[in-house]
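Listed below are the residues making up each chain.
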Amino acid sequence: MSVEDGGMPSLGRPRQARWTLMLLLSTAVYGAHAPLLALCHVDGRVPFRPSSAVLLTELTKLLLCALSLLVGWQAWPRGTPPWRQAAPFALSALLYGANNNLVIHLQRYMDPSTYQVLSNLKIGSTALFYCLCLRRRLSARQGLALLLLMAAGACYAAGGLQDPGNTLPGSRSAGVAGTVHLHITGPGLLLLLLYCLISGLSSVYTELLLKRQRLPLALQNLFLYTFGVLLNLGLHAGGGPGPGLLEGFSGWAVLVVLSQALNGLLMSAVMKHGSSITRLFVVSCSLVVNAVLSAALLHLQLTAAFFLATLLIGLAVHLYYGSR
């Protein structure tokens, strides 16, 4: 298995085991995000500003990277730090910031279920930019595997979880009683396509930077998260009146911030040593973790769609990474 395929060639068993453990940990942390966020709700709403959580997450990642360099967990480059190599990461931060804000605005033009299903198009956009920007070729078998990932995500979003207390036709699987009408407007469809394109571009562009620069990953992350903190600080300050930076934060909210910070660091390692395609598989496999935790913590019910999605994900992993 090559690096382009998301593997780590010519490694001994200990390092291969650490790579596998990192992928499993990233999958678990990514899948735990939504259930943890649900546990933060007070009277059905998040009691803190979402921009506060994003800003604190970026700040936590920045501090962890700085600590890693200061204590020598990763070696500082010899000579004067190449600060000019920090500039390209500004575009990465801008793309990620644009994507985070698009997710919020998209909810005005479509229902959550439609968004969850159609947002799986970002798998296709990531594969497209992966081939164009990194000049990689995907075999027919690998292309089929990515199509199965898209189908699995759509299947799970369409009804992988169900609140057993909801018996109304058309009720949401997220656990809110009532009828929700599926809909999407023209502007919503255009914004969704833009979201998927930016999502794929941001992932592949960041991978390109991480791999081309001969710098420690912690220093590259330091560049990226410095721009991320500045961008999100501006968005938070310009967001108008609302709760303070730490207002409404509970123990669960702190855990959300810490887990998201850890996940960001793990994902950067995945893209530097693996690929954006590996990241797609981590995100898709995290649906299984999300469903299991939602069933255990939020008492939601697994449906046949969940088991079908799990089967499709397993088949996709086998097709992409199995012996060819």
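Everything quoted here is computed from the prediction, not taken from an experiment. (Residues numbered from 1 in each chain as written. Predicted model: local features only at pLDDT ≥ 70, side-chain atom pairs only at ≥ 80, totals over all residues. Heavy atoms only, no water.)

**Q** Residues and numbers for helix α2 (residues 50-70), please.
**A** End to end, α2 covers 30 Å across 21 residues, agreeing with the expected 30 Å (1.5 Å per residue, within 8%). Inspection of α2 places Ser-52, Ala-53, Leu-55, Leu-56, Thr-57, Glu-58, Thr-60, Lys-61, Leu-62, Cys-65, Ser-68 and Leu-69 among the buried residues, and these make up the whole buried set. In this structure, the buried residues of α2 make contact with α8 (217-237) and α9 (251-273). Among the residues trailing α2, Gly-72 stands out with phi positive, at a value near 85°. (Helix = DSSP H or I, 4+ residues; strand = E, 2+ residues; numbered from the N terminus. Expected span 1.5 Å × (residues − 1). Buried < 20%, exposed > 50% of the residue type's maximum accessible area, 1.4 Å probe, protein only. Contact = heavy atoms within 4.5 Å.)

**Q** Describe in detail the UniProt feature "transmembrane region" (unreviewed entry) in the protein chain, supporting the description with residues and values.
**A** In the UniProt entry, the feature "transmembrane region" (unreviewed entry) is given for residues 20-42, 54-76, 144-162, 182-205, 217-237, 249-268, 280-298 and 304-321. Between the C-alpha atoms that bound residues 20-42 there is a distance of 37 Å. The span itself is 87% helix and 0% strand. (UniProt positions renumbered as here; feature names shortened; annotations may be inferred.)

**Q** Give a detailed account of the environment of Ala-316, specifying residues and quantitative values.
**A** Take Ala-316: it is sitting in helix α11 (residues 304-321). For Ala-316, a relative accessible area of 0% puts it in the buried group. Residues Ala-316 and Leu-149, 167 residues apart in the sequence, show an inter-C-alpha distance of 6.2 Å. Ignoring sequence-local partners within four residues, the contact set of Ala-316 consists of Ala-145, Leu-148, Leu-149 and Phe-281.

**Q** Break down the packing of α2 against α8 for me, with residues and values.
**A** The interhelical angle for the contact between α2 and α8, taken along N-to-C directions, is 155°, at an axis separation of 8 Å. Classified by the interaxial angle, the pair formed by α2 and α8 is roughly antiparallel. Taken as a pair, α2 and α8 cross one another with a handedness that is left-handed. Side by side, α2 and α8 meet where Ser-51, Ser-52, Val-54, Leu-55, Glu-58, Leu-59, Lys-61, Leu-62, Cys-65, Ala-66, Ser-68 and Leu-69 of the first sit next to Ala-218, Leu-219, Asn-221, Leu-222, Tyr-225, Thr-226, Gly-228, Val-229, Asn-232, Leu-233 and His-236 of the second. (Axes fitted to C-alpha atoms, helices over the stretch in contact; angles between N-to-C directions. Parallel < 35°, antiparallel > 145°, perpendicular 65-115°, else oblique. Left-handed = near helix turned anticlockwise from the far one by under 90°.)

**Q** For the environment of Tyr-320, give the residues involved together with the corresponding values.
**A** Relative to the helices and strands, Tyr-320 is located in helix α11. When the C-alpha atoms of Tyr-320 and Gln-142 are compared, they prove to be 4.9 Å apart, with 178 residues separating the residues in sequence.

**Q** I'd like a description of the packing of aromatic side chains, backed by residues and values.
**A** Applying the stated criterion to the full structure yields 6 aromatic pairs. Ring centres 5.2 Å apart and planes at 55° place the aromatic pair Phe-281 and Tyr-320 in the tilted group. Taken together, the positions of Phe-281 in helix α10 (residues 276-297) and Tyr-320 in helix α11 put the pair 39 residues apart, joining distant regions of the chain. A single burial state applies to Phe-281 and to Tyr-320, both of which are buried. Judged by centre distance (5.1 Å) and plane angle (65°), the ring pair of Phe-281 and Tyr-321 falls under edge-to-face. Here Tyr-321 lies in helix α11 and Phe-281 lies in helix α10, a separation of 40 residues in the sequence. In this structure an aromatic cluster arises from ring pairing among Phe-281, Tyr-320 and Tyr-321. (Phe/Tyr/Trp six-rings, centres within 6.5 Å; stacked < 30°, edge-to-face > 60°.)

**Q** Can you explain the packing of α10 against α11? Please cite residues and give values.
**A** Direction vectors running N to C along α10 and α11 enclose 155°, while the axes themselves pass 10 Å from each other. When the interaxial angle is binned, α10 and α11 end up roughly antiparallel. Considering the relative orientation of α10 and α11, their crossing is left-handed. Counted together, Ile-277, Thr-278, Phe-281, Ser-284, Cys-285, Leu-287, Val-288 and Ala-291 of α10 and Phe-306, Thr-310, Ile-313, Ala-316, Val-317, Tyr-320 and Tyr-321 of α11 form the full contact between these two elements.

**Q** An account of the confidence of the model for the protein chain is requested, with residue identities and associated values reported.
**A** Low-pLDDT stretches of the model should not have their predicted coordinates read in fine detail. Taken residue by residue, the protein chain gives an average pLDDT of 83. The fraction at 70 or more is 87%. Low confidence marks residues 1-10, where pLDDT is under 50. Its contacts with residues over four positions away, or in another chain, come to 31 contacts. In this model, residues 167-180 is a region of pLDDT below 50 whose contacts with residues beyond four sequence positions or in other chains number 20 contacts. (pLDDT = per-residue confidence, 0-100.)

**Q** Lay out unusual backbone geometry in plain terms, naming residues and giving numbers.
**A** Phi is positive for Arg-135, which is not a glycine, with a value near 55°. Judged by relative accessible area, Arg-135 falls into the exposed class, the value being 76%. In this model, His-299 sits at a positive phi of 60°, which is unusual for a non-glycine residue. Tracing the chain through its elements places His-299 in the loop between α10 and β2 (301-302). For His-299, a relative accessible area of 60% puts it in the exposed group.

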